[in-house]
Amino acid sequence: KNKMCSFPSLSLLLLSILFSIFHEDIHGFQLPVPTLALPGHQDISTINPTLAGRKVLKFASPIPKVQNPQSKLLKSSPFTSTTATTLWDCTIPGGSEYDVSTFPYPNTMKDCVCVVTGASRGIGRGIALELGRAGATVYVTGTSSSSSNNTNKTQNSGKFVTNEDVGGPGTIEDTASEVTSVGGRGIPVYCDHSNDEQVSALFDRIRVEEGRLDLLVNNAFRVPPGGAKGLFGKFWEEGGIEIWDSVHTVGLRSHYVASAKAIPLMMANSPSSMGNMPRPMIAMVSSFGGLCYTFNVAYGVGKGGVDRLAKDMAVELGDKIGVTSLYPGVVLTERMAKTVENGDWDREVGIPIDNAESPAYTGRAIIAIATDPTNKANDKDRSGTIQVVAELAEEYGFLDANGRRPPSIRSMKFLLPAYGMDKETREKIPDWLIPNWKLPFFIMAQGQPSNDN
């Protein structure tokens, strides 16, 4: 039912035991609702929601008051009320920007030059917008373009460009314009990331226009022909080889090529010119599919390759450039938002909507580690590692764009409601009663339990 990582029978047993304990306990006594603390390194005291004129999806759910002992209570946010309605701008067709009422990093990347690949929609767009809100210059790349004058677009006939069967709302021009409107400087660049010449031209242009590059976000991913349905085919079935070529050419090889072309430019940076970034950084958008079986063989091998790419790049780069492979959770992109709009969320996704993440969550994670003044998340000891977006939110104290903090996929707060409770039971058990214990990665990597478990 759930289109995500499954976990083994041992994990199911643990969930069952925990559920039994909590199920009995909640009938015997009531526990006080704790105050959620935010130990982040940025004061989140100025909140200014700008929701007027937007088409947003509204999910009604109780939200705990959010208080940081180091800062003021978020008095002006609609998310501080225990009876507030969550406003989550998913950018469904006809929508606009994401809700930024809890954005904690204004102007932290004002002097930084960034590239986000595959940023016309989805996670890439969310990352680009958050970088824009932090004041960065963001080169937005992709093959969804509204410009008819683009030379690369008119001359390109490659099979790995976005077309009608896999595309969706949004273009690189849309995203770049929004980056500028939220405080950054957005620059759209048509780039087919399966075309090495176009990738080289991208970084040559940045060298001429900016003279430097601080952050590269490798996000571009080619959904197979026929759309997301192609991700569920078995590798020996018709189209299996084409699926492999699609998700590895733009999704793995593209990350390798973009990094190779970008690194000489990044190494030329002087530390004094990088603003709040201790050193340049490359962020790889991966997924839990690199750890355990998800969708199909080609997808898992590709994401596993991204993780290994980050690890081995870190070895060769040493302390010059940080490299991080990021694991978002279940992200409410434009395509996923359509399942909510169509009433198919429970059937097709099957997790509580409050545990889904917005694309902005990954953007905030990248900003947090890239600008960490202690450099602890971007240093030589942690460079090359896998970082879970939701767990970075816990470490740095930031919230998602809807004022909540979705849990990590390997947390009991995610697993128990998704796999151990039906909807009726979830409504009876408050979130704070479920522990935030996390399954070790080696357990998550065991794969799908057998049918007889």
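These figures come from a predicted structure and were not determined experimentally.

What to know about the overall build of the protein
Of regular secondary structure, the protein possesses 14 helices and 11 strands. Counting all 453 residues of the protein, 56% fall into the buried class. Roughly 19,300 Å² of accessible area belongs to the protein as shown, and the carbon and sulfur atoms make up 52% of that amount.

Comments concerning the sheet that holds strand β5 (residues 113-116)
Taken together, seven strands build an open sheet; the order of strands is β7-β6-β5-β8-β9-β10-β11 and the sheet is parallel. Strands with a single pairing partner mark the edges of an open sheet, and in this sheet they are β7 (185-190) and β11 (386-388). The sheet shows a mean angle of 20 degrees between the axes of neighbouring strands, taken without regard to direction. Direction of pairing for strand β9 (residues 281-285) relative to strand β10 (residues 322-327): parallel, over a ladder of five bridges. Paired with Ile282 across the two strands is Val323, which belongs to β10. Packing against the sheet, helix α2 (residues 122-133) makes contact with β5, β6 (137-142), β8 (215-218) and β9, and its axis sits at approximately 165 degrees to β5.

Considering the confidence of the model for the protein
Taken as a whole, the protein shows an average pLDDT of 76; of its residues, 69% reach a score of 70 or greater. Within the protein, strand β1 (residues 36-37) has the poorest average pLDDT of any element, 28, and β8 the best, 98. Note that residues 6-10 has pLDDT below 50 and, in this model, 19 contacts with residues that lie over four places away or in other chains. In this model, residues 19-97 is a region of pLDDT below 50 whose contacts with residues beyond four sequence positions or in other chains number 164 contacts.

Section: the nonpolar core
Core analysis: the largest hydrophobic core is formed by 41 residues, its most contacted members being Met109, Leu131, Leu215 and Phe398. Among the elements of the structure, β5, α2, β6, α4 (172-181), β8, β9, α10 (359-370) and α11 (389-396) are those that each provide at least two residues to this core. Among the elements that line this core, the one with the most residues is α10, at seven residues. Excluding anything up to four places from it in sequence, Leu215 contacts Met109, Val113, Cys114, Val115, Leu131, Met266, Met277, Met281 and Ile366. The next biggest cluster of nonpolar side chains, apart from the first, holds 27 residues, and it includes Ile187, Leu265, Met266 and Met284.

Observations regarding unusual backbone geometry
At Asn107, a position not held by glycine, the phi torsion is positive, near 65 degrees. Tracing the backbone shows Asn107 in the loop between β4 (85-88) and β5.

Comments concerning the packing of aromatic side chains
Evaluation of the coordinates by the stated rule reveals seven aromatic pairs. Considering the side-chain rings of Phe103 and Tyr105, the 6.2 Å spacing of their centres and the 90 degrees angle between planes classify their relative orientation as edge-to-face. When its relative accessible area of 11% is taken as the criterion, Phe103 is described as buried. Arranged with centres 5.3 Å apart and planes meeting at 85 degrees, the rings of Phe235 and Trp236 form a pair that is edge-to-face. Pair check on accessibility: Phe235 and Trp236 agree, each one exposed. In this arrangement the basic side chain of Arg410 is found over the ring face of Phe441, its NZ or CZ atom lying 4.0 Å from the centre.

Digging into the pattern of salt bridges
Inspection of the entire model under this criterion finds 14 salt bridges. A salt bridge links Asp214 to Arg212, with the nearest nitrogen and oxygen atoms 2.8 Å apart. Here Asp214 falls in the buried class, since its relative accessible area comes to 0%. Salt bridges linked by common partners bring Glu130, Arg133 and Arg364 together as one network.

As for α4
Along α4, the positions that sit buried rather than exposed are Ile172, Glu173, Thr175, Ala176, Glu178 and Val179. Those residues of α4 that are buried lie in contact with α2, β6 and β7. Immediately downstream of α4, the backbone of Gly183 shows phi near 120 degrees, a positive value.

Looking at a nonpolar patch on the surface
Together, Phe235, Trp236, Trp244, Tyr293, Val297 and Val301 line one region of the surface with nonpolar side chains, adding up to about 650 Å² of accessible area. Looking at where Trp236 falls in the secondary structure, it is placed in the loop between β8 and α6 (240-267).

Remarks on the side chain of Asp307
Counting through the fold element by element, Asp307 comes out in helix α7 (residues 297-317). The buried charged residue Asp307 lacks any salt bridge partner; its closest oppositely charged side chain belongs to Lys303, at an N-O distance of 8.1 Å.

Here we look at the state of the cysteines
Tallied over the full model, the rule gives zero disulfides. Counting only cysteine sulfurs, Cys112 is the nearest neighbor of Cys114, a cysteine outside any disulfide, at a range of 5.8 Å. Assessed through its relative accessible area of 0%, Cys114 is described here as buried.

Conventions and cut-offs
Residues numbered from 1 in each chain as written. Predicted model: local features only at pLDDT ≥ 70, side-chain atom pairs only at ≥ 80, totals over all residues. Heavy atoms only, no water. Helix = DSSP H or I, 4+ residues; strand = E, 2+ residues; numbered from the N terminus. Buried < 20%, exposed > 50% of the residue type's maximum accessible area, 1.4 Å probe, protein only. Areas by Shrake-Rupley, 256 points an atom, 1.4 Å probe, with all protein chains shown as cover. Pairing = 2+ DSSP bridges. Axes fitted to C-alpha atoms, helices over the stretch in contact; angles between N-to-C directions. Contact = heavy atoms within 4.5 Å. pLDDT = per-residue confidence, 0-100. Core = buried A, V, L, I, M, F, W, Y, C linked by side-chain atoms within 4.5 Å. Phe/Tyr/Trp six-rings, centres within 6.5 Å; stacked < 30°, edge-to-face > 60°. Lys NZ or Arg CZ within 6 Å of the ring centre and 35° of its normal. Salt bridge = Lys/Arg side-chain N within 4 Å of Asp/Glu carboxyl O. Patch = residues over 30% accessible without salt bridge, like charges linked within 9 Å, V, L, I, M, F, W, Y side chains within 5 Å. Lys, Arg positive; Asp, Glu negative; His and termini not counted. Disulfide = S-S within 2.5 Å.

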